[in-house]
Amino acid sequence: PTSLQQCSAITHLTVMFCEGQWAAVSAMIQRSSSTLQSVDLDVCKITDGDMSLLAPSLSTCTGIQSLSLASTRLSDHYCRILVNAITTCTGLRELNLRGNPELGHDAAAMLGSAIQHWPQLEKLD
């Protein structure tokens with residue numbers, strides 16, 4: 001059996017209901033940055049520290065096409081960290097942030113400014 005720490009060519013990563021394992025998830029994203037096409041972190045509780053771990057790894061995934069962070073407790077602050085990280089993901093086609101009631105006008109403004117970095121974006125939820 002292959003351990004998750006040995007995986008390096010993941011194309012689709014789904015993590016649900018995760019708490020406290022973000023260093024491992026971040027490392028997995030980093031190892032698969034050249035092959036990763038989608039990341040789904042729906043329903044995970046993400047804190048400031050967690051996003052600080054995830055953001056640098058996500059920024060290396062320039063070929064990512066789909067990123068879903070639905071119902072992850074994102075706030076405007078976390079959104080700023082995320083948006084700054086994923087502006088390098090020029091192939092992004094879908095960004096799902098629904099179910100995050102703490103996202104407000106600041107997040108909308110940040111996303112509006114960042115859209116120029118994602119010319120292939122088809123869906124922003």
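Because the structure is predicted, anything quoted here is derived from the model rather than measured.

Within helix 4 (residues 105-114) the residues assigned to the buried category are A107, M110, L111 and A114. All buried residues of helix 4 fall inside an arc of 95 degrees around its axis, so they share one side. Contacts from the buried residues of helix 4 go to helix 3 (76-86) and strand 4 (94-96).

Here we come to the sheet that holds strand 1 (residues 12-14). What the five strands build is an open sheet, ordered 1-2-3-4-5; its pairing is parallel. Pairing within the sheet leaves two strands with one partner each, and these edge strands are strand 1 and strand 5 (123-124).

Secondary-structure assignment places K45 in the loop between strand 2 (38-40) and helix 2 (48-59). C-alpha of K45 to C-alpha of S68: the two residues are 23 residues apart in sequence and 13 Å apart in space. Residues contacting K45, with those up to four places away along its chain left out, are C18, E19, W22, D50, T72 and R73.

The rules we used
- Residues numbered from 1 in each chain as written.
- Predicted model: local features only at pLDDT ≥ 70, side-chain atom pairs only at ≥ 80, totals over all residues.
- Heavy atoms only, no water.
- Buried < 20%, exposed > 50% of the residue type's maximum accessible area, 1.4 Å probe, protein only.
- Helix = DSSP H or I, 4+ residues; strand = E, 2+ residues; numbered from the N terminus.
- Arc of directions from axis to C-beta.
- Contact = heavy atoms within 4.5 Å.
- Pairing = 2+ DSSP bridges.

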